[in-house]
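Results of the structural survey
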Amino acid sequence: MASEYGKNPSLSYNKYLRVPELLDLQSTLSEPTSHDEQLFIIIHQTYELWFKQILHEIDATIKWLDEGRPFRVNHSLKAVTSIEKVMVSQIHILETMAQIGFLEFRDRLNPASGFQSMQFRELEFVSGQKDEKILEFFKFDDFAYARLKARFEAPGLDDAFWALLGREGFAVSSHEERVAAIVEILTHPEKYANLFNMQDLLIEHDENISLWRYHHVLMVERMLGMKRGTGGSEGVGYLMSTLTKRFFPEMWEARTHLKTKPIAE
Ligand code: HEM
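Summary of the structure given here. (Residues numbered from 1 in each chain as written. Predicted model: local features only at pLDDT ≥ 70, side-chain atom pairs only at ≥ 80, totals over all residues. Heavy atoms only, no water.)

**Observations concerning the coordination of the iron atom of the ligand**
Looking at the protein side alone, the iron atom of the ligand has one donor only, H216 (NE2), at 2.2 Å. Structurally, H216 can be placed in helix α12 (residues 193-224). (Donors = N, O, S within 2.8 Å, 3.2 Å for Na, K, Ca; no water. Helix = DSSP H or I, 4+ residues; strand = E, 2+ residues; numbered from the N terminus.)

**A short note on the environment of L201**
With respect to the helices, strands and loops of the structure, L201 is situated in helix α12. Once residues lying within four places of it in the same chain are set aside, the contact partners of L201 are N74, L77, K78 and T81. (Contact = heavy atoms within 4.5 Å.)

**Observations concerning the site of the ligand**
What surrounds the ligand is a group of 28 residues, the closest being S113, R121, H216, S233 and Y238. Note that a nitrogen atom of the ligand is positioned 3.0 Å from one of the side-chain N or O atoms of H216. Contact distances for the ligand include 2.4 Å between an oxygen atom and a side-chain N or O atom of Y238. Those elements giving two or more residues to the shell around the ligand turn out to be α4 (37-66), α7 (118-127), α12 and α13 (236-241). Looking at which element gives the most residues to the shell around the ligand, the answer is α12, with six residues. Along the lines of polarity and charge, the residues of the shell around the ligand split into 15 nonpolar, eleven polar and two charged. (Near = heavy atom within 4 Å. Polar contact = N/O pair within 3.5 Å; in protein donor to acceptor, adjacent residues only side chain to side chain. Nonpolar A, V, L, I, M, F, W, Y, C, P; charged D, E, K, R; others polar.)

**Quick look at the environment of I42**
Examined against the element boundaries, I42 turns out to sit in helix α4. For I42, a relative accessible area of 37% puts it in the partly exposed group. For the pair I42 and Y145, spaced 103 residues apart in sequence, the C-alpha to C-alpha distance is 25 Å. (Buried < 20%, exposed > 50% of the residue type's maximum accessible area, 1.4 Å probe, protein only.)

**Section: unusual backbone geometry**
Looking along the chain, the bond that leaves E31 and enters P32 is cis, with omega of -5°. Mapped onto the fold, P32 is located in the loop between α3 (19-23) and α4. A cis amide bond links N110 with the next residue in sequence, P111, at an omega value of 5°. Assignment of secondary structure puts P111 in the loop between α6 (99-109) and α7. A positive phi angle, near 55°, is found at R18, a position not held by glycine. Note on placement: R18 falls in the loop between α2 (13-16) and α3.

**Examining the pattern of salt bridges**
Per the stated rule, a full pass over the model turns up 15 salt bridges. Taking the shortest distance from any N to any O, the salt bridge between R213 and E124 comes out at 2.7 Å. Here R213, found in helix α12, pairs with E124, found in helix α7; they are 89 residues apart in sequence, far enough to count as distant. For the pair R213 and E124, a shared accessibility class is recorded, and that class is buried. For the salt bridge of E124 with K245, the shortest nitrogen-to-oxygen distance reads 3.4 Å. Placement of the pair is E124 in helix α7 and K245 in the loop between α13 and α14 (249-257), with a sequence separation of 121 residues. Accessibility classification places E124 together with K245 in one group, the buried group. Within the structure, one salt-bridge network assembled from shared partners comprises D59, E122, R147 and R151. (Salt bridge = Lys/Arg side-chain N within 4 Å of Asp/Glu carboxyl O.)

**Digging into the packing of helix α11 (residues 175-187) against α12**
The geometry of α11 relative to α12 is characterised by a closest axis approach of 9 Å and an angle of 115° between their N-to-C directions. At the point where α11 passes α12, the crossing takes the left-handed sense. Along its contact with α11, which presents I182, I185 and L186, the element α12 presents L195, F196 and Q199. By residue class, the composition of the contact of α11 with α12 is five nonpolar, one polar and no charged. (Axes fitted to C-alpha atoms, helices over the stretch in contact; angles between N-to-C directions. Left-handed = near helix turned anticlockwise from the far one by under 90°.)

**Some words on the packing of aromatic side chains**
Any two aromatic rings considered together are summarised by their centre-to-centre distance and by the angle between their planes. On inspection of all chains with the given rule, the structure shows 14 aromatic pairs. Residues F115 and F137 carry aromatic rings whose centres are separated by 4.8 Å and whose planes lie at 80° to one another, so their mutual orientation is edge-to-face. Highlighted residues: F115 in the loop between α6 and α7 and F137 in helix α8 (residues 132-137), separated in sequence by 22 residues. In this structure F115 comes out as partly exposed when scored by relative accessible area, which is 23%. Relative to F152, the ring of F125 lies with its centre 5.7 Å away and its plane at 70°, an arrangement referred to as edge-to-face. Residue F125 is found in helix α7, and its partner F152 is found in helix α9 (residues 142-153); the two are separated by 27 residues along the sequence. The partly exposed category is assigned to F152, whose relative accessible area is 22%. Among the aromatic residues, ring-to-ring pairing joins Y47, F51, F120 and W212 into one connected group. (Phe/Tyr/Trp six-rings, centres within 6.5 Å; stacked < 30°, edge-to-face > 60°.)

The values reported here are purely geometric and, on their own, carry no functional implication.
The structure is reproduced here in structure tokens:
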């Protein structure tokens, strides 16, 4: 391993990871510079990098679902859910920011907002939460619009999963059939071991993004109370309205219909 780097003596840790460029990407707007603005920027940039990695894993997952390779699918989904757990806990670092310190630079951000995070919207779209109104919102940003439109039109993680179940012999044309397919898998975990683990990881992905939404809205309320968002929404009230979003409603509903079975079965 070490010899790999030995072959290229001009390479170093800082060069490979482009650390000097990375350290140059935190441009504060406040004058004089507000102490907490660097934390605010670094947290957001870190999220964008994790979004990039999650999208990379989900794109691979869709390919492996299409190819019918459950081991690779579950391996990638495990990476997705592990990153998401870090994303959820990371929100709390922002709560160390003094509210009054945030107000020192908040006005300078206007009208920028997390609402405009292209990669968060890509994550929603690719997971099955496609919203034409959100796509239209990006119409004035050519780069983001092109990426989101491609995600909007392409089959997502949800489509690839249901297509795999279809190829495994389950009826999956309607909402009810999909619920019944999940009930069948949950009823016989050993018989459908790979599919059982897959649905478990997919509902965990769904749960993690919901947990992120909950932690984010509570952090926002703790920071801003009922102030309006810099993106123009009413703030906490709007964010509360997003808490019921689900990528796989059929999976959640299946739990309601699950019944006990004889132990000997
Ligand atoms: C002090 C820190 C933060 C505050 C006060 C805050 C506040 C808000 C508010 C008020 C909204 C509603 C839209 C608006 O009108 O602006 C929003 C949306 C959003 N924020 Fe944050 N935010 C913070 C940190 C973050 C971080 C670190 C991320 C990570 C990427 C993030 C990502 C998002 C996303 C993705 C939305 C859109 C949610 C949706 O529409 O479902 N925010 N934020």
